[in-house]
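Next come the chains, spelled out residue by residue.
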Amino acid sequence: MPEQSSGEPGRTGTAMITDSYGRIINYLRLAVTDRCNLRCTYCMPEAGLDWRSRKELMTYEEMLRICSLLVKMGIEKIRITGGEPFVRKDVLPFLQNLSLMNGLQELTLTTNGLLTAPLVPELKRMGIKSVNLSLDTLDKNRFIRIARRDGLDKVLKTLDALLADDIAVKINTVVMEHCNITDIVPLIQLTKTAPVSVRFIEEMPFNGGTHPVSPAWSYLRILEHIREHFPGIQKITDAPHSTSFNYHIPGHKGNIGIIAAYTRSFCGSCNRLRVTPTGVLRTCLYDAGTFNLKEIIRGGCTDEELETMITNAVLKKPTDGWEAENRLAAQKSAQQSMATIGG
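Residues numbered from 1 in each chain as written. Predicted model: local features only at pLDDT ≥ 70, side-chain atom pairs only at ≥ 80, totals over all residues. Heavy atoms only, no water.

(A) Structural detail: the packing of helix α1 (residues 60-73) against helix α2 (residues 91-99). Remark: α1 packs on α2, axes separated minimally by 11 Å, with the N-to-C direction vectors making an angle of 20°. Compared by their axis directions, α1 and α2 come out roughly parallel. For the crossing formed where α1 meets α2, the hand is right-handed. Along the contact surface, α1 presents Y60, M63, L64 and C67, while α2 presents V91, F94, N97 and L98. (Axes fitted to C-alpha atoms, helices over the stretch in contact; angles between N-to-C directions. Helix = DSSP H or I, 4+ residues; strand = E, 2+ residues; numbered from the N terminus. Parallel < 35°, antiparallel > 145°, perpendicular 65-115°, else oblique. Left-handed = near helix turned anticlockwise from the far one by under 90°. Contact = heavy atoms within 4.5 Å.)

Dropping the structure here:
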């Protein structure tokens, strides 16, 4: 990433986006596609989704314009998500252009790892220092049951490639009752010899309507389960704006995190915006979106007009995910999928 000068440590200038609660918004999660090469049970139906046509998706040029404007407004970190980012054609040149954007401090991405291993050297050259890798089990048969595809070997090759190139890895594991509870301990064992952060995530109600979700395996229950097997586990300091409660087991190289994504206990320090593949700006994962950036851009708006609309939208950002869900209950559909909202 290009070096930037700034009067304030960690910032590129005086610009910043602030919501009505005084939270500084400096992190964007940008979904480049809704398509995915897996069909995970916690994300979508087995048959997949009603995929958006290419013309419904933002172009790379539109995404670069949006990112450039948001960086000028104070966004410092951008995470590229999907769907699975690498199923979209020509995503690497887009990432390269994004990595060279003046003012951007950090570029990261989330991937399921199926297509990623051969691309790791290029990601390293772009300056990507951290990758989130989705991995819900280390058992081949259980992987197939969860993802409805065979791909564990490819994911593990991606993990090895990332670690070999000294790219920090956060493993994201969705904890599902009667499904992968027995995987919690084996996944934690990865932290014994590898400098990875394994993060256990409460299941969220964004599965495309395949089944109801309850907080049976909440943050506290996950932690209790881990303590039963690793009584020496210690709480460590959470980074600012961290969505995970972080822990360390003495003698292990890596760490453990637990993300209360359903019970939503981290909203008070939320510093992020989301943009879906079709261009919808979401100030909260649990809201229904504010307006469509793609349509506004295609309508001929200026950057100044776009900046005003974004600023006003952020001022209406809910205090937490519960308020967002309640505020927009009439518009919220149980059929939402994580692949379509860029979670």
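Once the structure has been displayed, the description carries forward.
(B) Inspection of the environment of E76 at higher detail. By secondary structure assignment, the location of E76 is in the loop between α1 and β4 (77-81). Residue E76 is classed as buried on the basis of its relative accessible area of 10%. Put simply, E76 and L28 are 48 residues apart on the chain and 8.1 Å apart in space, counted from C-alpha to C-alpha. (Buried < 20%, exposed > 50% of the residue type's maximum accessible area, 1.4 Å probe, protein only.)

(C) Structural context of the nonpolar core. Counting residues in each nonpolar core, the largest one holds 87 residues, and the members touching the most others are L30, I78, I80, F94, F200, I226 and I310. Top contributing element to this core by residue count: α1, with 8 residues. Ranked by size, the runner-up nonpolar core spans 7 residues in total, among them I201, I259, L285 and Y286. (Core = buried A, V, L, I, M, F, W, Y, C linked by side-chain atoms within 4.5 Å.)

(D) Looking closely at the packing of aromatic side chains. Following the criterion strictly, the structure yields 2 aromatic pairs and no others. Ring centres 5.0 Å apart and planes at 20° place the aromatic pair Y60 and F94 in the stacked group. Of this pair, Y60 sits in helix α1 while F94 sits in helix α2, and the two are 34 residues apart along the sequence. As far as the burial class goes, Y60 and F94 line up, both buried. Consider the rings of Y219 and F245, whose centres lie 4.4 Å apart with planes at 25°: the pair is stacked. You can see Y219 sitting in helix α7 (residues 219-229) and its partner F245 sitting in strand β10 (residues 244-248), a full 26 residues away along the chain. Residue placement shows K77 over the ring face of Y27; its charged tip is 4.6 Å from the ring centre. (Phe/Tyr/Trp six-rings, centres within 6.5 Å; stacked < 30°, edge-to-face > 60°. Lys NZ or Arg CZ within 6 Å of the ring centre and 35° of its normal.)

(E) Geometry of unusual backbone geometry. A cis amide bond, omega 15°, links G82 with the succeeding residue G83. Tracing the sequence through the fold places G83 in the loop between β4 and α2. Unusually for a residue other than glycine, D166 sits at a positive phi of about 60°. Within the element layout of this structure, D166 appears in the loop between α5 (152-164) and β7 (168-175). On the basis of relative accessibility, which here comes to 64%, the residue D166 falls in the exposed class. Despite not being glycine, H178 shows a phi value in the positive range, around 60°. Among the structural elements, H178 can be located in the loop between β7 and α6 (184-193).

(F) Structural view of the side chain of T108. Here T108 lies in strand β5 (residues 106-111). Setting aside residues no more than four positions away along its own chain, T108 makes contact with K77, I78, R79, I80 and S130.

(G) Structural view of the pattern of salt bridges. As enumerated under the stated definition, the model contains 8 salt bridges in all. Residue R65 pairs with D303 through a salt bridge whose shortest N-O separation is 2.8 Å. Pair noted here: R65 is in helix α1 and D303 is in helix α9 (residues 303-315), with a separation of 238 residues, a long-range link. Overall, the relative accessible area of 26% leaves R65 in the partly exposed class. (Salt bridge = Lys/Arg side-chain N within 4 Å of Asp/Glu carboxyl O.)

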